[in-house]
Protein chains: 4
Amino acid sequence: MSHNTFGHLFRVTTWGESHGPAIGCVVDGCPPGIRFTTADIQADLDRRRPGQSRFVTQRREPDKVKILSGVLPEDDGETLVTTGTPISMMIENVDQRSKDYSDIAERYRPGHADYSYDAKYGLRDYRGGGRSSARETATRVAAGALARRIVPGLVVRGALVSIGEKEIDRANWSWDYVGHHDNPFFTPDPKSVPVFADYLDEIRKAGSSVGAVVEVVAEGVPAGLGAPLYGKLDQDICANLMSINAVKGVEIGNGFQAARIRGEENADEMRAGGDGKPVFLSNNAGGVMGGISTGQPIVARFAVKPTSSILTPRKSIDRNGKDIEVKTKGRHDPCVGIRAVPIGEAMLACAIADHYLRHRGQTGKGE
Amino acid sequence: MSHNTFGHLFRVTTWGESHGPAIGCVVDGCPPGIRFTTADIQADLDRRRPGQSRFVTQRREPDKVKILSGVLPEDDGETLVTTGTPISMMIENVDQRSKDYSDIAERYRPGHADYSYDAKYGLRDYRGGGRSSARETATRVAAGALARRIVPGLVVRGALVSIGEKEIDRANWSWDYVGHHDNPFFTPDPKSVPVFADYLDEIRKAGSSVGAVVEVVAEGVPAGLGAPLYGKLDQDICANLMSINAVKGVEIGNGFQAARIRGEENADEMRAGGDGKPVFLSNNAGGVMGGISTGQPIVARFAVKPTSSILTPRKSIDRNGKDIEVKTKGRHDPCVGIRAVPIGEAMLACAIADHYLRHRGQTGKGE
Amino acid sequence: MSHNTFGHLFRVTTWGESHGPAIGCVVDGCPPGIRFTTADIQADLDRRRPGQSRFVTQRREPDKVKILSGVLPEDDGETLVTTGTPISMMIENVDQRSKDYSDIAERYRPGHADYSYDAKYGLRDYRGGGRSSARETATRVAAGALARRIVPGLVVRGALVSIGEKEIDRANWSWDYVGHHDNPFFTPDPKSVPVFADYLDEIRKAGSSVGAVVEVVAEGVPAGLGAPLYGKLDQDICANLMSINAVKGVEIGNGFQAARIRGEENADEMRAGGDGKPVFLSNNAGGVMGGISTGQPIVARFAVKPTSSILTPRKSIDRNGKDIEVKTKGRHDPCVGIRAVPIGEAMLACAIADHYLRHRGQTGKGE
Amino acid sequence: MSHNTFGHLFRVTTWGESHGPAIGCVVDGCPPGIRFTTADIQADLDRRRPGQSRFVTQRREPDKVKILSGVLPEDDGETLVTTGTPISMMIENVDQRSKDYSDIAERYRPGHADYSYDAKYGLRDYRGGGRSSARETATRVAAGALARRIVPGLVVRGALVSIGEKEIDRANWSWDYVGHHDNPFFTPDPKSVPVFADYLDEIRKAGSSVGAVVEVVAEGVPAGLGAPLYGKLDQDICANLMSINAVKGVEIGNGFQAARIRGEENADEMRAGGDGKPVFLSNNAGGVMGGISTGQPIVARFAVKPTSSILTPRKSIDRNGKDIEVKTKGRHDPCVGIRAVPIGEAMLACAIADHYLRHRGQTGKGE
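Being a predicted model, the structure only gives us computed values, none of them experimental.

Scoring rules and cut-offs
Residues numbered from 1 in each chain as written. Chains lettered and ligands numbered in written order. Predicted model: local features only at pLDDT ≥ 70, side-chain atom pairs only at ≥ 80, totals over all residues. Heavy atoms only, no water. Helix = DSSP H or I, 4+ residues; strand = E, 2+ residues; numbered from the N terminus. Rg over C-alpha atoms; globule rule 2.2 N^0.38 Å. Buried < 20%, exposed > 50% of the residue type's maximum accessible area, 1.4 Å probe, protein only. Contact = heavy atoms within 4.5 Å. Areas by Shrake-Rupley, 256 points an atom, 1.4 Å probe, with all protein chains shown as cover. Lys, Arg positive; Asp, Glu negative; His and termini not counted. Charge placed at Lys NZ, Arg CZ, Asp CG, Glu CD. Pairing = 2+ DSSP bridges. Axes fitted to C-alpha atoms, helices over the stretch in contact; angles between N-to-C directions. Least-squares fit on C-alpha atoms with pLDDT ≥ 70 in both. pLDDT = per-residue confidence, 0-100. Buried area = accessible area lost by both parts, 1.4 Å probe. Salt bridge = Lys/Arg side-chain N within 4 Å of Asp/Glu carboxyl O. Polar contact = N/O pair within 3.5 Å; in protein donor to acceptor, adjacent residues only side chain to side chain. Phe/Tyr/Trp six-rings, centres within 6.5 Å; stacked < 30°, edge-to-face > 60°. Arc of directions from axis to C-beta. Core = buried A, V, L, I, M, F, W, Y, C linked by side-chain atoms within 4.5 Å. Nonpolar A, V, L, I, M, F, W, Y, C, P; charged D, E, K, R; others polar. Left-handed = near helix turned anticlockwise from the far one by under 90°. Parallel < 35°, antiparallel > 145°, perpendicular 65-115°, else oblique.

## Points about the overall build of chain A
So, step 1. Counting its regular elements, chain A contains nine helices and 19 strands.
So, step 2. Here the C-alpha atoms of chain A give a radius of gyration of 21 Å, agreeing with the 21 Å that 2.2 N^0.38 yields for 367 residues.
So, step 3. Taken over the C-alpha atoms alone, chain A extends approximately 65 × 55 × 40 Å along its principal axes.
So, step 4. Counting across all 367 residues of chain A, residues that qualify as buried make up 69%.
So, step 5. In chain A, 69% of the contacts between residues at least 6 apart in sequence involve partners at least 24 apart.
So, step 6. When the accessible area of chain A is evaluated, it comes to approximately 11400 Å², of which 48% is carbon and sulfur surface.
So, step 7. For chain A, the centre of its 47 positive side-chain charges and the centre of its 46 negative side-chain charges are spaced 4 Å apart.

Shown next as structure tokens:
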């Protein structure tokens, strides 16, 4: 990825900071003739929106998306159809709590990018995290909502599989439960909810934070997307996921577990399917073999670190190179990994949409 | 990454298969005036070369690199100086054991990309792995040998930290030992050698294979390289590592461990250094904060799966969609992760060199 | 160029159509610390704005630019300083005359992209030219206003050198006159104004249109920008100019004239300057030799075709493949080449800014 | 274009200098299943090869191409089939006349890139033009030979339409004559041969040189390739042509002539064709409307300057900033424009192949 654009044929450019007038993205290379409504995009945005439970930041942002270009309205007044030209989407920033940032402007918060920004740019937008604010991820979700519509039959879903030391029990996995209104965690395991809630309440009250692991799965991906070595589908998925704030690790299929086992255990065996295609007897590969999709579900996971905005005083320095102590007040997510679920889905969908178009370009194969 | 080119200003394009006449790469965007010798490149290639112990493939390839363009010879007859134009490097394939591949041509080996290649391209170069052959990685090592010379003071090293279930003891870490002539594993822990040797001998004799984890570290990286979100330094490092054959997961700093711990534990505290720069009290971030280098050592790890070329018969299908059993004979690495160490170093060096030039371009800052 | 993004380090992505809510651009890779005001951008936009004389379209658009991201406000309330993150600029569409486009929707206007759009996309935004509307060029001018600020000492200017059969007299060239309030043509030759006025009045009254040639000149470009063959500075300038609507030809320096003359006449001779740099005795090369700037002024020209929106009935077909006659009513520029002057300047400035950063990245050389 | 790579899906990276061991290119993104022979590539190379008449340089290079990767040999021992992986092609340099270049190393030849190279890189490969040598264009021809095979039914041809002050008579145009063995000029006008021959003989004997204009035409291009504004087909064609050494201007269709005429004259009228597609009554647009192909032949022209390697002494300076006189001995083309014909064809073919794949990717439309 170069600069703030990702994708090769389905390309997304994002812009905006926490405390400017708005954030947004430009989706370029979208096929013409894709039909959707603003409400479709909004539905995905609403899943990521802050302030929906006590476990996420209390910033109140309606996150209303405006579609500014690249579409023709149809006669029903709701449906938009893509024209093949760049689709610009914008979300205005509303709840920018006015406060005095002069304090933060001169201090380097540990675990934040304050020092590294200054080392790079010589200045930084210290208001609410600037470009690094989690708000930026709303634009990814908007782009992803379009990406989901490119590949016929594609279904992309995500779930939280652990918070700190607490893990779900995979035996209880229910995709239906992930979106349930009683589920503030995107967890697929109903039994994990009270465990996560108690754990996070304790962390929140202590003014602390904790990390999480998110799993994203794409079904309906045709075999053949990707490339052997550098435009590997799994590589581009991992790069997309690594581009999310606070992500420290990514894996595909059994991931790091593959390093522990033997060839016999790892290689997914095949049997003939009725249609001449293979039926795989396992999916350690996570749906990608040699960088190219196999037709199995694509499975990836990523690790989100705990936010460094915590109440405990921490050792640091200021811009003048003096030792200080820092503690961060404000509205923060005790576990930013929770809201990362729809973001991860969006980034996965964008990678697949891009490779779908690239594959069609090089080989002429669509559906 | 698009196609077989990676990097934005320091760009590498690789080409070649296992059984063609040669493999190679073109390094484009290299600064002018970099001095090196062919022997410098060769030294790195020799570290990756097969056939150096019983724990790696017995294919015998001298891997002699030829520099075809982009350099001016100096009067000493050895030193080459880069001119700023594309540097083409080629390695001829020598030991292509002649054999009948018609068998493999019609069969899909489990865990290999045979099926996915056919699904994508409608045909594949089945001879020795084709483009997916580990041979291709020699060209990365050659490019990396140049990349190491771009950033003044940069030192990039790697080590094997686990093979299958066996891990090193970090208390014994010795960088000096990694390159020791008695160390066939690139392990930094001398005491791990007999453990790894016994373990791998058993696996090799069983015709099996096993995965591994490699850690790569870059020291001397100036603060400021990278970008907040999409051109993140850690993201480009991870994408580079994921582009290596058989890699299934990547992480930066404490990686997946960050998902398990709290903000107080994770955020690296700082104290004032004598030079106005911070001294970090830990390096959980792995040298990258908010996508931008902090001046600390950059630390990344990647998981390599076990090769699927094993003697145990496995269930599969052929091109006609018939059930078959496959076992793979031939010269294979029982643990391909071992030779991945210099490859990982090279990919890390390339990412850093690229971001060094990009940072200089955008901000005008050199070392 | 790929998609709607141009530039490699200084990258511009534009979006928007004539009849959507807004148009805009994202400038990515801008160095941090560049100071400017919204009024600076607006001044350039006002030069391109329609409705300023009877020789251009009467559409009334205030073209007020909004800066949405990538800047920090300084205490004076006016100055903005770039942070190094993407700068999003938006211009709302105001004067979208409501009318019934169903007529045009079904007809292919000769000389317009109606047929080719349908051939590509299967549908098109027929309202006011859609993506091909000259309105889009406002976003280029906004981006160019930033680009002008990247290279210290850079001055980019443009002038109209011919309209249809009428040419300026280069002996009368006055840069000062180009921006004179009595000069509706961006012509550098005061004596050409009545000639152009009479000529265009006749054309306008006839419901016709005519082409033009624009010359753009950049002074203060340091020697060394560009590359020998593929990232040639003149090539990227020409590509930028060719990306403008209705441009059919581009040339650098003496351009097509170089094809007519001999080596002795063409090669620019040099004498030693006081500072060790050459003084060139002519500038046939247009400031670029072997793809790399020489320090002389960069001179390029581009040909703009007459708009095809004319009152004379012309033979065409409709979407059903039936023969029709088309004449185009509406508010159109009798000579779109006039307003192309600030657009050409902007595209030249963008190319130079990009190569300035690229040169600095590869070689470490600043001004 | 960035660095030495061009194209977005059909990508070509070239490398090599006049006096290194070899030159070459890597074609990446080529569709799988394209069948060709080395002789097919060689046939195009032979058209560009030097030493074939007294009107071109007498350097003797066999220009034998080697295909190093990306293909599978078929059983006939001649046919190669592309696998979809990078195709590396190499041409060894044979006739590098050994001579003392120390003279040129210290002198800046007027009209050459000697000074600008030094200004950029601080050093240069002064041997035989280095990267700027016309030899490099052989690699473009090799890539173009593949590109011609991507679009079914595509025919790309070129012709010389003027040398210095001498122009062809278009009434005599014969494509068949261009390749005639008695035609050393790629001229389509048989009657122009003695005129060009006399003219060039005089120039050659005077140790001078002269420019030329080349026209390239592509037939069989489906409607719909390109994009409205930035990925315009004509823009990418012009950028490809401008990337050729010594090219100073490019135009599409009637080009600069469009700036002189009125809308009624310029817009190509249409009548209904039998197949629902339009029949155009003229082709001023050169086959591209609004950046997108119309199905008409694509016509472009480019101006080649006279080589600056001439025997007449010219004023210049040396690396120490001293005034000198320079005259260039050696084997040079009196009119480099002649051999530019197959090069222009190749660059046109590459642009079309790339957009064909891009169009197929975005829209799913094949031929």
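Now that the structure is up, let's keep going.
## Details of the environment of D:Lys315
So, step 1. Along the chain, D:Lys315 turns up in strand S18 (residues 314–317).
So, step 2. When the C-alpha positions of D:Lys315 and D:Arg109 are compared, they lie 8.7 Å apart, and in sequence the two are 206 residues distant.
So, step 3. Sequence-distant contacts of D:Lys315, defined by excluding residues within four places in its chain, comprise C:Glu269, C:Met270, C:Arg271, C:Leu281, D:Pro110, D:Ile324 and D:Glu325.

## Remarks on the sheet that holds strand S7 (residues 79–82) of chain A
Residue and element names in this part refer to chain A.
So, step 1. With antiparallel pairing, the three strands of this open sheet are ordered in space as S4-S7-S6. Each of the sheet's edge strands pairs with one partner strand only, and the pair in question is strand S4 (35–37) and strand S6 (71–73). Sheet twist, expressed as the average angle between the axes of neighbouring strands with direction ignored, equals 40°.
So, step 2. Where S4 lies against S7, three bridges are found, and the strand directions are antiparallel. By the bridge assignment for S7, threonine 37 is matched with threonine 79.
So, step 3. The sheet contacts of helix H1 (residues 38–48) involve S4 and S7, and relative to S4 the element is tilted by about 65°.

## With respect to the relation of the copies chain D and chain B
So, step 1. With an RMSD of 0.0 Å, the operation that places chain D on chain B is a rotation of 180° combined with a shift of 0.0 Å along the axis. Taken together, the turn and the small shift mark the pair as related by a two-fold rotation axis.
So, step 2. The fraction of interface residues of chain D whose copies in chain B are also interface residues reaches 100%, indicating that both copies meet through the same surface.

## So, the pairing of strand S17 (residues 298–304) of chain D
Residue and element names in this part refer to chain D.
So, step 1. Most of S17 is tucked away, with seven of its seven residues classed as buried.
So, step 2. Bridge analysis of strand S12 (residues 247–252) against S17 gives five bridges, and the strand direction is antiparallel. For glycine 249, the partnering residue across the bridge sits in S17 and is alanine 303.

## With respect to the confidence of the model for chain A
So, step 1. Chain-level pLDDT for chain A is 93 on average; 97% of the residues reach the 70-or-more range.
So, step 2. Interface confidence for the predicted complex, given as ipTM, is 0.96, next to a pTM of 0.97.

## Observations concerning the interface of chain D and chain B
So, step 1. Opposite the 42 residues of chain D that make contact, chain B presents 42 residues.
So, step 2. Regarding the contact of chain D and chain B, the summed buried area is about 3100 Å², with carbon and sulfur atoms giving 65% of it.
So, step 3. On the chain D side of the interface with chain B, the three residues burying the most area are D:His3, D:Trp15 and D:Leu68, jointly 18% of the side's total.
So, step 4. Run the count over chain D and chain B and you get zero salt bridges.
So, step 5. Applying the counting criterion to the chain D and chain B interface returns eight residue pairs in polar contact (both at pLDDT 80 or more).
So, step 6. Listed by contribution, the elements that provide at least two residues to the side of chain D that touches chain B are strand S2 (11–16), strand S3 (22–28), strand S6 (71–73), strand S7 (79–82) and strand S8 (87–92) of chain D.

## A look at the packing of aromatic side chains
So, step 1. By the definition in use, this model includes 27 aromatic pairs over all chains.
So, step 2. Ring geometry for A:Phe185 and A:Phe196: centres 5.7 Å apart, planes at 85°, overall edge-to-face. On the criterion of sequence distance, the pair formed by A:Phe185 in the loop between helix H5 (175–178) and helix H6 (192–205) and A:Phe196 in helix H6 is long-range, its members being 11 residues apart.
So, step 3. Since its relative accessible area comes to 0%, A:Phe196 is described here as buried.
So, step 4. Between the aromatic rings of C:Tyr108 and C:Tyr115, the centroid separation amounts to 5.5 Å while the plane-to-plane angle is 75°, which identifies the pairing as edge-to-face. Taken as a pair, C:Tyr108 and C:Tyr115 share a single burial class, namely buried.
So, step 5. Of the aromatic side chains, those joined through ring pairs into one cluster are A:Tyr108, A:Tyr115 and B:Phe280.

## So, helix H1 (residues 38–48) of chain D
So, step 1. Restricting attention to buried positions, one finds in H1(D) the residues D:Ile41, D:Gln42, D:Asp44, D:Leu45 and D:Arg48. End-on view of H1(D): buried residues confined to an arc of 160°, all on one side of the axis.

## Remarks on the sheet that holds strand S2 (residues 11–16) of chain C
All names here are of chain C.
So, step 1. The strand order across the open sheet formed by five strands is S1-S2-S3-S8-S5, and the pairing between neighbours is antiparallel. Every other strand in the sheet has two partners, leaving strand S1 (5–6) and strand S5 (65–67) as the edge strands with one partner each.
So, step 2. Pairing of S2 with strand S3 (residues 22–28) involves six bridges; the strand directions are antiparallel. Looking at S3, one finds that glycine 16 is bridged to isoleucine 23.

## Structural notes on the nonpolar core
Side chains that are nonpolar tend, in soluble globular proteins, to be buried together.
So, step 1. Counting 352 residues, the largest nonpolar core has A:Phe10, B:Phe10, C:Phe10 and D:Phe10 as the members making the most contacts within it.
So, step 2. Leaving out residues up to four positions away in the same chain, D:Phe10 has contacts with D:Val27, D:Asp28, D:Cys30, D:Ala143, D:Leu146, D:Ala147, D:Ile150, D:Cys350, D:Ala353, D:Asp354 and D:Leu357.

## Things to note about the pattern of salt bridges
Pairing between side chains of opposite charge can happen when the charged atoms of each approach one another.
So, step 1. Enumeration over the complete set of coordinates arrives at 106 salt bridges over all chains.
So, step 2. Note that A:Glu167 and B:Arg260 form a salt bridge whose closest N and O atoms lie 3.7 Å from each other. With A:Glu167 in strand S10 (residues 166–167) and B:Arg260 in the loop between strand S12 (247–252) and helix H8 (263–266), this residue pair bridges two chains.
So, step 3. Looking at B:Arg260, the relative accessible area reads 41%, which means it is partly exposed.
So, step 4. A salt bridge links C:Asp114 to C:Arg124; the shortest N-O distance between them is 3.6 Å.

## What to know about the interface of chain B and chain A
So, step 1. Of the residues lining the interface, 117 residues belong to chain B; the matching set on chain A comes to 117 residues.
So, step 2. Of the roughly 8900 Å² buried where chain B meets chain A, counting both sides, 56% is carbon and sulfur surface.
So, step 3. Three residues, B:Lys120, B:Tyr230 and B:Lys248, lead the burial of chain B against chain A; their summed loss comes to 10% of the area buried on that side.
So, step 4. On the surface where chain B and chain A come into contact, there are eight salt bridges.
So, step 5. The greatest single-element share of the side of chain B that touches chain A, amounting to seven residues, is contributed by helix H3 (residues 114–121) of chain B.
So, step 6. Classifying every residue of the side of chain B that touches chain A by side-chain character gives 51 nonpolar, 38 polar and 28 charged.
So, step 7. Pairing analysis gives three bridges linking strand S12 (residues 247–252) of chain A to S12(B), with the strands arranged antiparallel. Each residue of the ladder has a partner; that of A:Val250, found in S12(B), is B:Val250.

## Thoughts on the packing of helix H7 (residues 233–242) of chain D against helix H9 (residues 340–363) of chain D
Residues and elements named next belong to chain D.
So, step 1. One can describe the packing of H7 onto H9 by two numbers: an axis separation of 9 Å at closest approach and a directional angle of 145°. In this structure, the crossing between H7 and H9 has a hand that is right-handed. Facing Leu233, Asp236, Ile237, Asn240 and Leu241 of H7, the residues of H9 in contact are Gly344, Met347, Leu348, Cys350, Ala351, His355 and Arg358.
So, step 2. Each residue belonging to the contact of H7 with H9 can be placed in one class, and the counts come to seven nonpolar, three polar and two charged.

## Observations concerning the pairing of strand S7 (residues 79–82) of chain B
All names here are of chain B.
So, step 1. Burial along S7 is two-sided: the residues Thr79 and Val81 and Leu80 and Thr82 are all buried.
So, step 2. In this sheet, S7 lies alongside strand S6 (residues 71–73) in antiparallel orientation, the contact comprising three bridges. Within S7, the residue paired with valine 71 across the bridge is threonine 82.
So, step 3. Following S6, the chain reverses through five residues before pairing antiparallel with S7; glycine 77 in that reversal takes a positive phi of roughly 80°.

## Observations regarding the environment of A:Gly7
Residues and elements named next belong to chain A.
So, step 1. Assignment of secondary structure puts glycine 7 in the loop between strand S1 (5–6) and strand S2 (11–16).
So, step 2. When its relative accessible area of 33% is taken as the criterion, glycine 7 is described as partly exposed.
So, step 3. In the structure, glycine 7 is positioned 165 residues away from asparagine 172 in sequence and 35 Å away in space, judged by C-alpha atoms.

## Some thoughts on the side chain of B:Ser116
So, step 1. Of note, B:Ser116 is situated in helix H3.
So, step 2. Those residues in contact with B:Ser116 that sit more than four places away from it in its chain are A:Gly224, A:Met289, A:Ile292, A:Ser293 and A:Thr294.

## Quick word on the environment of D:Arg358
So, step 1. When you line up the elements, D:Arg358 lands in helix H9.
So, step 2. In this structure, the C-alpha to C-alpha distance between D:Arg358 and D:Gly7, residues 351 residues apart in sequence, is 9.9 Å.

## Here's the deal with the packing of helix H7 (residues 233–242) of chain C against H7(D)
So, step 1. It is the contact of H7(C) with H7(D), at a shortest axis distance of 9 Å, that shows an interaxial angle of 165°. What the angle tells us is that H7(C) and H7(D) run roughly antiparallel. The crossing of H7(C) and H7(D) is right-handed. Contacts from C:Asp234, C:Gln235, C:Cys238, C:Ala239 and C:Met242 of H7(C) reach H7(D) at D:Asp234, D:Gln235, D:Cys238, D:Ala239 and D:Met242.

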